[in-house]
Amino acid sequence: GRLGQRLRGIAERAALPWPQGYLATVALAHGRELDRLLTPDWRGPDPFAPILAHFPTPGGPRTLLECMTAGDIATYLPDDVLVKVDRMTMAASIEARAPLLDHRVADLAASMPARLKVRGGRGKWVLREVARRLLPAEVLEAPKRGFAIPLSDWLRGPLAEQAADLLGSARFRERGP
């Protein structure tokens, strides 16, 4: 069933070397999933090749957490999160600010030891402790909410016919990778 598929996917990702295992964990699709979704021309040899250089190898002064953070700052933040924030705020005529991205705050966070960043399996520990003085508990304990959309439900439901028409069209196939 679905649980078995999820567990198999987790095991596959965990078996991959660094940083492919981490990237497969945070990516929308990986490995066999991409094989099922894309033709070899579209997939290419390594879907993570364009960003691998941004994820340094742990060792020496860099911990695994620091390597993950460096890679995410170079890729996920500017190429995904900030793009979505920008689009959504512009669409609603809102101007957003990201005070935690101020270089002084980012430098301070980078200089902190891991025990102040992650504790009890939760990230942003020191930030949460500071925020406790300013925010109610229900805000601090609320589950994380991202920008995810129910794409698979849409493609199986109301958009199924349109997606099939688009993906099956000669024009789409002729465009190539």
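Residue positions are given per chain, counted from 1 along the sequence in the order it is written. A pLDDT threshold of at least 70 governs which residues receive local features in this predicted model, and a stricter bar of 80 or more applies before side-chain atom pairs are shown or counted, although totals over entire chains, interfaces and linings include all residues. Note that the side-chain values use all heavy atoms of the structure and ignore hydrogens as well as water.

What follows deals with the nonpolar core. Tyr22, Leu23, Ala24, Phe48 and Phe55 form the largest nonpolar core, which has five residues in total. Any two residues whose heavy atoms approach within 4.5 Å are treated as being in contact. Other than its neighbours up to four places away in sequence, Leu23 contacts Phe48, Ile51, Leu52 and Phe55. Definition used in this section: a nonpolar core is a set of buried Ala, Val, Leu, Ile, Met, Phe, Trp, Tyr and Cys residues joined via side-chain atoms within 4.5 Å. Accessible area is worked out with a 1.4 Å probe on protein chains only. A residue is then buried under 20% of its type maximum, exposed over 50%, and partly exposed in between.

Salt bridges are defined as contacts in which a side-chain nitrogen from Lys or Arg sits within 4 Å of a carboxyl oxygen from Asp or Glu. For the structure on display, the rule yields six salt bridges. A salt bridge links Glu95 to Arg97; its shortest N-O distance comes to 2.8 Å. Note on accessibility: Glu95 and Arg97 belong to one class, exposed. Asp102 is the salt-bridge partner of Arg104, the closest N and O atoms lying 2.9 Å from each other. Linked through salt bridges whose partners overlap, the residues forming this network are Arg122, Glu129, Arg132 and Glu141.

The next point concerns the packing of aromatic side chains. Side-chain rings of Phe, Tyr and Trp, where Trp is taken by its six-membered ring, are said to pair if the distance between their centres is within 6.5 Å; with planes under 30 degrees apart they count as stacked, over 60 as edge-to-face, and otherwise as tilted. All chains considered together, the criterion is met by three aromatic pairs. Between the aromatic rings of Tyr22 and Phe55, the centroid separation amounts to 5.9 Å while the plane-to-plane angle is 55°, which identifies the pairing as tilted. Of this pair, Tyr22 sits in helix 2 (residues 20–26) while Phe55 sits in the loop between helix 4 (40–43) and helix 5 (64–74), and the two are 33 residues apart along the sequence. Across this residue pair, the class does not change: Tyr22 and Phe55 are buried. Ring pairing ties together the aromatic residues Trp18, Tyr22 and Phe55, which thus form one cluster. The rule for a charge over a ring is simple: NZ of Lys or CZ of Arg within 6 Å of the ring centre, and within 35 degrees of the ring normal. The residue whose ring lies beneath Arg119 is Trp125, and the NZ or CZ to ring-centre distance is 3.7 Å. Starting at the N terminus, helices and strands are each numbered in turn, a helix being any DSSP run of H or I of at least four residues and a strand any DSSP run of E of at least two.

So, about helix 5. Turning to helix 5, its buried residues number three or more, namely Cys67, Gly71 and Asp72. Taken end-on, helix 5 shows its buried residues confined to a sector of 130°, consistent with a single buried face. Of the surrounding elements, those touching the buried residues of helix 5 are helix 2 and helix 6 (76–91). Think of it as the arc spanned by the lines of direction from the helix axis to the C-beta atoms.

What follows concerns the side chain of Asp72. Within the element layout of this structure, Asp72 appears in helix 5. Charged residues are defined narrowly, with Lys and Arg counted positive, Asp and Glu counted negative, and His plus the chain ends left uncounted. Of the side chains with opposite charge, Lys144 comes closest to the buried, unpaired Asp72, at an N-O distance of 8.7 Å. Within the local environment of Asp72, its side chain forms a polar contact with the side chain of Tyr22, the two groups lying 2.5 Å apart. For Asp72, the contacting residues outside a window of four places in its chain are Tyr22, Phe55, Leu77 and Pro78. Here a polar contact means two N or O atoms within 3.5 Å. Within protein one must be a hydrogen donor candidate and the other an acceptor candidate, and residues neighboring in sequence count only if both atoms are side-chain atoms.

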